[in-house]
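Summary of the model geometry
The residues making up each chain are set out below.
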Amino acid sequence: MTYCRSACFLFTVFPYYKEAFYLMLFSFLKTVVSYLSTPAKVLVMFLCIILPAQALFVSPPKEPMPLIMEIFSEQTRISEKVAAKEGAPKVWTIFGKDQSQNEIVLGYAFETNDLAKIPAYSGEPVNMLVAIDPQGIYLGAKVLEHHEPIILAGIPESKLHAFADQYNGLSVRDRLKVGGNQTEGTIHIDGLSGATVTVMVMNVAIVKAAKIVASSLGIIKTSQEAIQPMGTIYPDVYEESDWTMLTGNGAIRKLYLNRKAVDEAFVGTEAEHVDEATSEQKQDMFAEVFFAQVDIPSIGRNLLGDTEYEYLISTLKPGEHAMVFMGSGYSFKGSGYVRGAIFDRIQILQNGNAFAFRDLDHNRLPDIYIEGAPKFEERSIFIVRDHHEFNPASDWQLELLVRRQTGPLESIFTSFKADYHTLDEYVDRPPLIMPEPELSLAQQVWKEKNSEVIILVILLVIVVMSLFFQDILVRHPTFMHNFRHLFLIITVVFIGWSWGGQLSVVNVFTFLQAFMSDFSWDLFLLDPVIFILWGAAAVTMILWGRAVYCGWLCPFGALQELMNIFARYIKVPQFELPWAIHERLWAIKYLILLGLFGLSMESLALAEQFAEVEPFKTTFLLKFDREWPFVLYASALLIINIFNRKFFCRYLCPLGAALSTSNSIRLFSWLRRRPECGQPCKTCAKECEIQAIDPDGVINMRECHYCLDCQVTYFNEEKCPPLKKMARKKAKYKETEIKVKEVA
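Quick look at the structure, then.

For the α-helix, the turn length of 3.6 residues means that residues three or four positions removed from each other point alike. Of all the positions in helix 4 (residues 64-71), only Pro-64, Leu-67, Ile-68 and Ile-71 are classed as buried. One side of helix 4 carries all its buried residues, which in axial view fall inside an arc of 105°. Residues of helix 4 that are buried in the fold lie against strand 1 (77-78), strand 3 (90-97), strand 4 (103-111), strand 5 (127-132) and strand 6 (138-145).

Shown next as structure tokens:
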């Protein structure tokens, strides 16, 4: 059950509560709006209806069948989406025709939501149609449905499709990773700037679903086996041996079949009674094949003699190896072999790969010279070419195929296998490499953003230490202002534009929806910077209220403040609203918050689209590269800010409104005040550039941004009227003080 549906489910169960909620919300909004002036009402309507309406783009779900036909243009038939067996994933099987007009399987298609339903940035999964061929090669990946606001109202959807096209031609066996540093054994896929979390979730869903399907179809093995690095045969290790010694220690292995074993292998097939042995013949030998790796000196020299062995080694190219097969009974070469064709009765299996031999790989072995060897009906040496990447340090198998004719052109075959393990004294076998366990998506993201996490934690420590020692810092106004301005620049450039660390009210709604359903930290851990910032915001809200995040860590707030500081520096005139209007305009952001919260209860995706009232996505995630209404809106707010500091933060920001709800639970109040503050002294109230100090001198911590300017004034003996008055009294007292002279 997804987050959005979970909330709807709650309201479905409690319909009367839902109706009551909307009635209460409507009454509350009506009451609050009635107190607003006409311009304020117009502004609320403009922000909450007109602008968000620009973001209401729709991405309707796509039908998978036309896309399957597009990927498999030569298909002749598509099966229903069914599971091959109980517990197996549901897939479409796509059929076609080969050159002989026989029906063959062209590939398989499946939906990621059926197999790997992983929530993306919106809290909803991105449903993909994935197609693979019978060898596990990706043929296509198409987006069927998504609810990502960054795509719906920001990045063109065509870029999402271009990202998915990168999978074409890759294999389900590949380790795929979005972006990041190049690592050995991993194929890196280009990410999508501004939608990193979305495409990383898509990658995990595609890879996970594809591996589940490929495993169920037998295309890949499910277990992670240890990797044996390439070994090297010891060229100088030789021990003179006879046949008994080499077969006894396992240097030469044997595959032995009697007729009973072969008959039993065909039981239940059409060839069950073809060439079936009588009861007296059951124990007769059917086939006996001895085999070994003959380019090993202790085997090759003893079997072939020094001269033949040296000649054989001289013909081998780097990476090639030689195998010897000696047999009687059923021919391992076969009678149907012709020049230019493949030996169809034997092959070598190693690490899931099968090595077949062609005519140019075959050398007839006239005789063997080792003492004690039996007579064989056929003897051959086969060369394993370098492109097979045969590893002498890894175990391998000989597979013998036995075929029985069931008609003039029809036949049925079965196979028998025998294992081979190269002795340790013959080969330099490096230690096994255990494959690293697959990291979860969250672990991958945190590993990739390790440097950002460290720097961000350091910045947070600096902020907290600044607050602890604020009484010392504010006594040095020049240093304090320069330090704060530098920190705000870092917040804008690094936290905002470089790392995309701008919190949003959408994050609040996502958390609430997750909390009401099956809560999991996985979704929130997908973006380390956002996760750490939310952790810092939560801690500072409990300790000091919303002020710390809004005043120090919010990139858009920092950008506004820096622009206004520069505007004041170049003497741009400022305007401040009268206190009565200013105080009432505070309510707008709470109205916006309540409206968005109500929408999120019905549809999180809809609330995310209306949350475009926040210009954060336009400014930092997309860097003004989007449709003109959004750029115009964000630019207008920044231009207004030049004349009225932090206009958006003061009156419109729903995130600030949400964070301010913690004010009643904050533990500390470290902003110092005097009895004279407000009456008669109003210096700090006049200097507060966001008008967060009430006329009576009380700091409104719901609106304060913790810039510490009032604390600079508080400790400044040349600026604070109470301190100046106290200084004059001290000076006057010293002037009128009568000096006492002691007389001995």
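Any two packed helices are characterised by how steeply their axes cross, that is the angle between the axes, and by the distance between the axes. Put simply, helix 16 (residues 505-516) and helix 21 (residues 587-602) touch, their axes get as near as 11 Å, and they point 40° apart. Classed by the angle they form, the pair helix 16 and helix 21 counts as oblique. Where helix 16 crosses over helix 21, the handedness of that crossing is right-handed. Of the residues in helix 21, those touching helix 16 at Val-505, Phe-509, Leu-512, Gln-513 and Met-516 are Leu-593, Leu-596, Phe-597, Ser-600 and Met-601. Broken down by class, the residue content of the contact of helix 16 with helix 21 amounts to 8 nonpolar, 2 polar and no charged.

Another aspect to go through is the packing of helix 15 (residues 477-498) against helix 19 (residues 555-569). Put simply, helix 15 and helix 19 touch, their axes get as near as 9 Å, and they point 135° apart. Classified by the angle their axes make, helix 15 and helix 19 are oblique. Note on packing geometry: the crossing formed by helix 15 with helix 19 is left-handed. For the pair formed by helix 15 and helix 19, the contact residues are Arg-484, His-485, Leu-488, Ile-489, Thr-491, Val-492, Ile-495, Gly-496 and Trp-497 on the first element and Pro-555, Ala-558, Leu-559, Glu-561, Leu-562 and Ile-565 on the second.

Another aspect to go through is the side chain of Lys-646. With respect to the element layout, Lys-646 can be found in the loop between helix 24 (628-643) and helix 25 (647-651). At a separation of 3.3 Å, a polar atom in the side chain of Lys-646 contacts the side chain of Glu-561. Engagement of the side chain of Lys-646 in a polar contact is seen with the side chain of His-705, the distance being 3.1 Å. Filtering out sequence-adjacent residues up to four positions away, Lys-646 remains in contact with Cys-550, Gly-551, Gly-557, Gln-560, Glu-561, Asn-641, Ile-690 and His-705.

Turning to the pattern of salt bridges, a few remarks are in order. In total, this model carries 26 salt bridges according to the counting rule given. In this structure, Arg-404 and Asp-263 form a salt bridge, with 2.5 Å as the shortest nitrogen-oxygen distance. Of this pair, Arg-404 sits in strand 17 (residues 396-405) while Asp-263 sits in helix 9 (residues 259-265), and the two are 141 residues apart along the sequence. Here Arg-404 falls in the buried class, since its relative accessible area comes to 5%. The closest approach of N and O atoms between Glu-399 and Lys-417, which form a salt bridge, is 3.6 Å. With Glu-399 in strand 17 and Lys-417 in strand 18 (residues 411-420), this residue pair connects regions lying 18 residues apart in the sequence. The exposure class assigned to Glu-399 is buried, which follows from its relative accessible area of 9%. For Lys-417, a relative accessible area of 43% puts it in the partly exposed group. Among the charged side chains, a network of salt bridges with common partners joins Arg-484, Glu-561, Arg-568, Arg-645, Lys-646 and Glu-689.

What counts, and where the lines are drawn
- Residues numbered from 1 in each chain as written.
- Predicted model: local features only at pLDDT ≥ 70, side-chain atom pairs only at ≥ 80, totals over all residues.
- Heavy atoms only, no water.
- Buried < 20%, exposed > 50% of the residue type's maximum accessible area, 1.4 Å probe, protein only.
- Helix = DSSP H or I, 4+ residues; strand = E, 2+ residues; numbered from the N terminus.
- Arc of directions from axis to C-beta.
- Contact = heavy atoms within 4.5 Å.
- Axes fitted to C-alpha atoms, helices over the stretch in contact; angles between N-to-C directions.
- Parallel < 35°, antiparallel > 145°, perpendicular 65-115°, else oblique.
- Left-handed = near helix turned anticlockwise from the far one by under 90°.
- Nonpolar A, V, L, I, M, F, W, Y, C, P; charged D, E, K, R; others polar.
- Polar contact = N/O pair within 3.5 Å; in protein donor to acceptor, adjacent residues only side chain to side chain.
- Salt bridge = Lys/Arg side-chain N within 4 Å of Asp/Glu carboxyl O.

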